[in-house]
Amino acid sequence: MTTVDPQLVAQPALPARRRSGAFRRLLRRPLGVSALAALLAIVALGLLEPVLSIHDPNFADLAFANAAPGTPDWPLGGDRFGRDIWARSLAAINVSVISGLIGAGTGLVLGTVFGLISGYIGRRVDGVLSWTFNLLMTFPALVLVIVLYPVTGGTYQSMMFIFGVFLAPGIFRLVRNLVVGVRSELYVDAARVSGLSDPRILSRHVLYIIRGPIIISAAFLASAAVGVQAGLAFLGLGSNQVPSFGSMTSDAFINIYSQPVQLVWPSLFLSLLIGSLVLLGNAYRDVLAAPQGASSSSSRRRRPGEKAAAVDARMDRDDTSTPTLSAPTLSTTSPATPAGGLLRVRELRVEYPQPDDTLRAVVDGVSFDVAQGEIVGLVGESGSGKTQTAFSILGLLPPQARISANELSIAGENVIDSHRTALRKLRGSVIAYIPQEPMANLDPSFTVGSQLVEGLTSRMSRKEATATILELLARVGIPDPMRTFKSYPHEISGGMAQRALIAGAVAGRPKLLIADEPTTALDVTVQAEILDLLRDLQSEYGMGVLLVTHNFGVVADLCDRVLVMRNGVVVESGAVREIFRNPQHEYTQKLISSILDEDTVRTDLPVTAKDEG
Amino acid sequence: MSDLLTIEDLHLRYPARGLRHGPEILKGVSLSIAPGETLGLVGESGSGKTTLGRAVLGLASPTSGNITYKGENITHASKKRRRALAREMQVVFQDPYTSLNPALQISDILAEPLVAQGMKAAEARQRVGGLLDRVGLPANAAERYPREFSGGQRQRVAIARAVALQPRLIVCDEPVSALDLSTQAVVLDLLIDLQRSAGVSYLFITHDLSVVRHVSHRVAVMYRGELVETGPVADVTNTPSHDYTRKLLLAAPTADPDRQRERRQARRALQTAQ
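Computed from a prediction, not measured in an experiment: that's the story for all the values here. For every chain, the first residue of the written sequence is number 1, and numbering continues from 1 onward in sequence order. Just so you know, chain letters begin at A and ligand numbers begin at 1, following the order they were written in. Reporting of local features is limited, given that this is a predicted model, to residues whose pLDDT is at least 70; pairs of side-chain atoms are given and counted only at 80 or more, and all residues count toward the totals for whole chains, interfaces and linings.

### Side note on the overall build of chain A
Reasoning step 1: Runs of H or I in DSSP of at least four residues are treated as helices and runs of E of at least two as strands, each being numbered from the N terminus. Of the regular secondary structure elements, chain A holds 25 helices and 11 strands.
Reasoning step 2: With 613 residues in all, chain A has 43% of them scored as buried.
Reasoning step 3: When contacts within chain A are restricted to residue pairs at least 6 apart in sequence, long-range pairs at least 24 apart make up 70% of them. Think of it as a crowd count around each C-beta: if 20 or more other C-beta atoms lie within 10 Å the residue is buried, if 12 or fewer it is exposed, and in between it is partly exposed, with C-beta placed from the backbone throughout. A pair of residues counts as a contact when their C-beta atoms, built from backbone coordinates, are separated by no more than 7 Å.

In structure tokens:
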């Protein structure tokens with residue numbers, strides 16, 4: 001009925017690709033599945049105690065005192081009172097499991113409930129709750145469990161409950177911080193506007209998202225509770241009628257010189273139990289942290305901030321991650337002699353390996369030139385491969401990218417065969433880069449000035465570099481260069497940060513400037529000023545500029561020539577007026593017709609509802 | 001005809017840490033929206049336009065002033081009243097990547113507001129197909145997760161969620177800014193279609209003047225927490241009376257190299273005149 005999204009109609013048979021659940025992925029990992037199997041086996045032994053044990057765990061027969069393992073009906077032998085170690089071990093498993101459940105359960109319930117409340121409501125409630133739990137954290141839990149012995153009466157259940165209370169602050173802080181992160185997500189706001197009650201928002205939208213880390217810490221808490229229960233029993237706290245690995249170890253300890261093997265059984269079961277819990281937690285954490293191959297569509301469309309940050313990190317990492325450039329064997333043209341032009345790109349391909357071992361091309365045979373003093377616009381929608389093209393020229397693609405080209409040369413220097421170090425030499429002096437998100441490309445822990453000077457110190461003294469940068473900061477229209485030089489990134493506005501980065505980019509007098517959506521993150525009035533600045537600097541320095549953008553207004557303002565990209569292919573290229581006045585390719589025509597007309601305004605009158613509801 | 005929503009002299013100041021006051025975000029904003037009307041709210045980042053939208057929705061708490069909806073003062077409506085107001089006012093956020101819960105299926109996302117207003121779950125699920133159809137998505141979208149959709153498709157889902165309760169007012173906070181150019185135009189047309197068929201009012205927040213021209217009946221220009229100009233869209237965009245509006249109009253680049261050069265020169269002339 002209404003305008004149907006062409007994208008969906010074009011691919012209606014898209015198979016519903018489900019990301020397999022975290023639990024199923026856990027089972028695919030050897031560590032995960034073996035830890036889980038060990039844990040389940042131990043718990044099963046405990047549950048089958050009535051069937052498997054021959055004697056009551058407290059039944060003593062002095063004839064079998066210190067019986068050797070393998071004695072008929074006493075499979076693991078007898079302890080110093082002649083009790084069946086096998087029967088006691090099975091009973092102790094149950095005690096340990098219950099201890100783990102009570103301890104972890106108490107900590108989990110208290111910590112999660114109050115963490116959710118504290119993180120979601122915030123403000124004063126958060127202050128009071130955080131203070132309370134921080135105070136709780138300062139108490140020595142073990143000492144208090146022992147001191148409160150008269151209150152608990154020494155039953156291990158109540159001791160574990162108290163210990164669980166002291167485990168709660170860890171969970172509380174974890175949950176609270178996770179909730180604070182999720183609370184500001186737009187879908188939580190949307191749920192509030194949808195009229196959902198707070199408990200429903202918390203359970204459905206908040207808890208569900210943050211469940212992973214909680215499950216992991218639950219495993220660790222359970223192992224802590226099991227260990228502490230055994231420790232307390234080892235010290236002799238609690239009823240000696242309750243078989244426990246602690247009391248068993250303690251009994252065996254007395255016999256350590258005569259019957260050392262008695263120590264093996266409780267230690268073995270206890271280590272298996274605690275070890276499997278810890279390893280299970282670790283495996284689950286690995287599962288959650290691992291990249292999920294199946295969801296390629298969502299990972300491809302990264303948010304701009306992440307993109308820029310990733311690039312920035314890579315620039316700092318000293319080129320070890322730069323993918324090696326290689327010319328395809330079919331290359332026929334000699335790359336050594338480019339015929340004029342600052343940047344020559346012929347048949348550039350960028351491919352990424354897919355989970356099913358095929359290669360997917362995001363840039364598929366792109367060829368173009370940028371001449372000296374020319375501004376070339378590279379336009380396209382998200383996923384068109386325009387940024388990938390720019391980054392492959394800069395050598396900034398992730399290591400798994402496979403880049404090939406018949407020719408890729410900058411200022412006569414072929415970079416497709418050249419080594420990483422050669423490319424690094426080019427960067428900063430011959431090619432410079434202006435990013436999309438200026439803030440994400442400045443390190444928050446250093447002053448703006450020190451970051452800009454850093455790029456120049458290989459060529460001049462620090463003093464000269466500082467003078468150059470200050471001069472350039474004034475040139476790019478920063479009112480008080482010295483103040484900006486000494487400021488940290490968070491102290492300046494986005495427009496100022498972009499000006500500073502432009503100053504840094506042109507400081508090395510580059511011949512080619514690659515700008516990736518340089519004004520997209522900026523306000524329109526700031527954008528106009530930055531575009532003015534780029535135009536002035538370009539004509540002053542005679543640089544060639546490759547401008548990646550999705551904004552046709554920016555193209556019209558700045559560019560001499562335009563390349564229109566879609567799905568990794570240049571569909572049309574030409575002088576900017578030609579493309580705007582007389583687009584040839586239907587995709588370009590569609591794009592240009594999508595630009596909202598400037599001359600028409602909405603004229604129809606408001607229509608009021610005919611009927612309510 | 002009486003106005004659907006009126007805002008009078010609204011001030012808002014975010015609390016800072018401790019007892020000190022944070023900066024004042026809204027400094028006495030007054031505006032009104034008639035039934036079935038789109039009011040475009042234009043301004044740059046930090047001008048307070050998003051905060052104004054959040055105050056209307058009850059997501060931000062004003063320090064003084066009044067927000068009146070259908071004659072009822074809802075400035076500090078109770079939580080219970082707010083939940084009931086979900087039937088009346090809804091929202092479409094800017095970023096379709098974070099405004100949909102990644103863990104929920106589309107059908108759950110769309111049924112949620114209906115269930116929250118007391119509808120049976122089975123009945124709500126039956127409505128989902130109709131909602132998807134209204135925003136031009138195929139019915140088989142219901143069993144998928146948000147990550148399987150493109151930005152434009154996700155924004156359609158967000159619009160479907162907003163219209164599910166047949167509200168009278170939708171706050172659209174930069175609903176097309178994160179979308180590609182060709183998707184932008186289609187989503188704007190969808191919003192206009194929905195308005196014509198349902199008579200819903202929009203408070204349309206954006207920084208993009210061409211978008212405002214396309215969807216708004218009236219425009220309000222916001223600058224540093226104040227409205228500097230309000231009026232019919234043709235008047236404000238053709239004969240702006242305030243300097244800031246003029247600056248904003250000239251700063252927006254137009255997709256025509258020759259007209260853009262004229263605009264650039266006009267902007268520089270205005271700059272030197274100041």
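### Things to note about the overall build of chain B
Reasoning step 1: Regarding its fold elements, chain B presents 10 helices and 10 strands.
Reasoning step 2: The size measure is the radius of gyration over C-alpha atoms, and the globule rule it meets is 2.2 Å times the number of residues to the 0.38 power. By the compact-globule yardstick of 19 Å for 274 residues, chain B fits well, its C-alpha radius of gyration being 20 Å.
Reasoning step 3: Overall size of chain B, expressed as C-alpha extent along the three principal axes, is 65 × 50 × 45 Å.
Reasoning step 4: In chain B, which comprises 274 residues, the share counted as buried stands at 54%.
Reasoning step 5: A separation of at least 24 residues holds for 65% of the contacts in chain B among residues at least 6 apart in sequence.

### As for the UniProt feature "domain: ABC transmembrane type-1" (unreviewed entry) in chain A
Reasoning step 1: UniProt positions are given in the numbering used here, feature names are shortened, and annotations may be inferred rather than shown by experiment. Within the UniProt annotation, "domain: ABC transmembrane type-1" (unreviewed entry) is assigned to residues 93-281 of chain A.
Reasoning step 2: In the segment residues 93-281 of chain A, helix accounts for 85% and strand for 0%; the C-alpha atoms at its two ends are 20 Å apart.

### Brief notes about the interface of chain B and chain A
Reasoning step 1: Contacts between the two partners involve 74 residues from chain B and, on the opposite side, 57 residues from chain A.
Reasoning step 2: When residues of the side of chain B that touches chain A are assigned to their parent elements, the largest contribution, 9 residues, is made by helix 6 (residues 181-198) of chain B.
Reasoning step 3: For the side of chain B that touches chain A, a count of residues per class yields 30 nonpolar, 22 polar and 22 charged. Each residue gets one label: Ala, Val, Leu, Ile, Met, Phe, Trp, Tyr, Cys and Pro are nonpolar, Asp, Glu, Lys and Arg are charged, and the others, such as Gly, are polar.

### Some thoughts on the nonpolar core
Reasoning step 1: Linking buried Ala, Val, Leu, Ile, Met, Phe, Trp, Tyr and Cys residues through C-beta atoms within 7 Å yields a set, and such a set is a nonpolar core. Residues Ala503(A), Leu512(A), Ile514(A), Leu546(A), Leu547(A) and Leu203(B) are the most contacted members of the largest nonpolar core, which totals 239 residues.
Reasoning step 2: Residues contacting Leu512(A), with those up to four places away along its chain left out, are Leu342(A), Leu343(A), Val370(A), Ile410(A), Val430(A), Ile431(A), Met543(A), Gly544(A) and Leu546(A).

### Considerations on the UniProt feature "transmembrane region" (unreviewed entry) in chain A
All names here are of chain A.
Reasoning step 1: Within this structure's numbering, the places UniProt gives as "transmembrane region" (unreviewed entry) are residues 26-48, 91-116, 128-149, 155-175, 214-237 and 263-284.
Reasoning step 2: Annotated as residues 26-48, this span is 87% helix and 0% strand, and its ends, taken at the C-alpha atoms, are 27 Å apart.
Reasoning step 3: Between the end C-alpha atoms of residues 263-284 the distance is 32 Å, and the span holds 100% helix and 0% strand.

### Regarding the pairing of strand 7 (residues 431-434) of chain A
For a regular strand, side chains alternate in direction, first toward one face of the sheet and then toward the other.
Residues and elements named next belong to chain A.
Reasoning step 1: Here strand 7 shows a buried face lined by Ile431 and Tyr433 and a second buried face lined by Ala432 and Ile434.
Reasoning step 2: Both strand 7 and strand 8 (residues 512-516) contribute to a ladder of 4 bridges, which runs parallel. The residue of strand 8 that forms the bridge with Ile431 is Leu512. At least two bridges found by DSSP between two strands are what make those strands a pair.

### So, the sheet that holds strand 10 (residues 561-566) of chain A
Residue and element names in this part refer to chain A.
Reasoning step 1: Across the sheet, 6 strands lie side by side as 7-8-9-3-10-11; this open sheet has mixed pairing. Here the strands that pair on one side only, and so sit at the sheet edges, are strand 7 and strand 11 (569-575). Ignoring strand direction, the axes of neighbouring strands in this sheet form an average angle of 15°.
Reasoning step 2: Here the axes come from fitting lines to C-alpha atoms, over the contacting stretch only for helices, and the angles between their N-to-C directions go from 0 to 180 degrees. Across the sheet, helix 16 (residues 386-394) lies against strand 3 (375-379), strand 7, strand 8, strand 9 (544-549) and strand 10, angled at about 145° from strand 8, the strand it touches most.
Reasoning step 3: Lying over the sheet, helix 21 (residues 494-507) contacts strand 7 and strand 8, oriented at roughly 175° with respect to strand 7.

### Here's the deal with helix 19 (residues 462-475) of chain A
Residue and element names in this part refer to chain A.
Reasoning step 1: Counted at 1.5 Å a residue, the expected span for helix 19 with its 14 residues is 20 Å, and the 20 Å between its end C-alpha atoms agrees.
Reasoning step 2: Turning to helix 19, its buried residues are Ala465, Ile469, Leu472 and Leu473. Angularly, the buried residues of helix 19 cover 105° about the axis, an arc narrow enough to put them on a single face. Exposed and facing more than 90 degrees away from the buried side of helix 19 are Lys463 and Glu471. Expected span of a helix, by definition, is 1.5 Å for each gap between consecutive residues, and there is one gap fewer than residues. Of all possible arcs, the one meant is that of the directions from the helix axis to the C-beta atoms.

### A look at the sheet that holds strand 8 (residues 201-206) of chain B
Residue and element names in this part refer to chain B.
Reasoning step 1: The strand order across the open sheet formed by 6 strands is 6-7-8-3-9-10, and the pairing between neighbours is mixed. The open sheet has two edge strands with one neighbour each: strand 6 (89-92) and strand 10 (226-232). Here the strands of the sheet are splayed against their neighbours by 15° on average, with no regard to which way each runs.
Reasoning step 2: Across 5 bridges, strand 7 (residues 169-173) lies against strand 8 in parallel orientation. Residue pairing across strands places Ile170 opposite Tyr202, the latter belonging to strand 8.

### Here's the deal with the domain arrangement of chain A
Reasoning step 1: Where each domain starts and ends follows an automatic or database-derived domain assignment. Along its sequence, chain A is organised into domain 1 (89-275) and domain 2 (305-327 + 368-396 + 419-594).
Reasoning step 2: When each unit is reduced to the centre of its C-alpha atoms, the spacing between domain 1 of chain A and domain 2 of chain A is 52 Å.

### Looking at the packing of helix 22 (residues 524-541) of chain A against helix 9 (residues 243-251) of chain B
Reasoning step 1: Axis separation between helix 22 of chain A and helix 9 of chain B bottoms out at 8 Å; the angle between their running directions is 55°. Between helix 22 of chain A and helix 9 of chain B, the angle is such that the two are oblique. By crossing handedness, the relation of helix 22 of chain A to helix 9 of chain B is classed as left-handed. Residues Val524(A), Thr525(A), Gln527(A) and Ala528(A) of helix 22 of chain A lie in contact with helix 9 of chain B, whose contacting residues are Lys247(B), Leu248(B) and Ala251(B). Here the angle decides the label: under 35 degrees means roughly parallel, over 145 means roughly antiparallel, 65 to 115 means roughly perpendicular, and every other value means oblique. The crossing is said to be left-handed when, going from far helix to near helix, the turn is anticlockwise and less than a right angle, and right-handed when the turn is clockwise.

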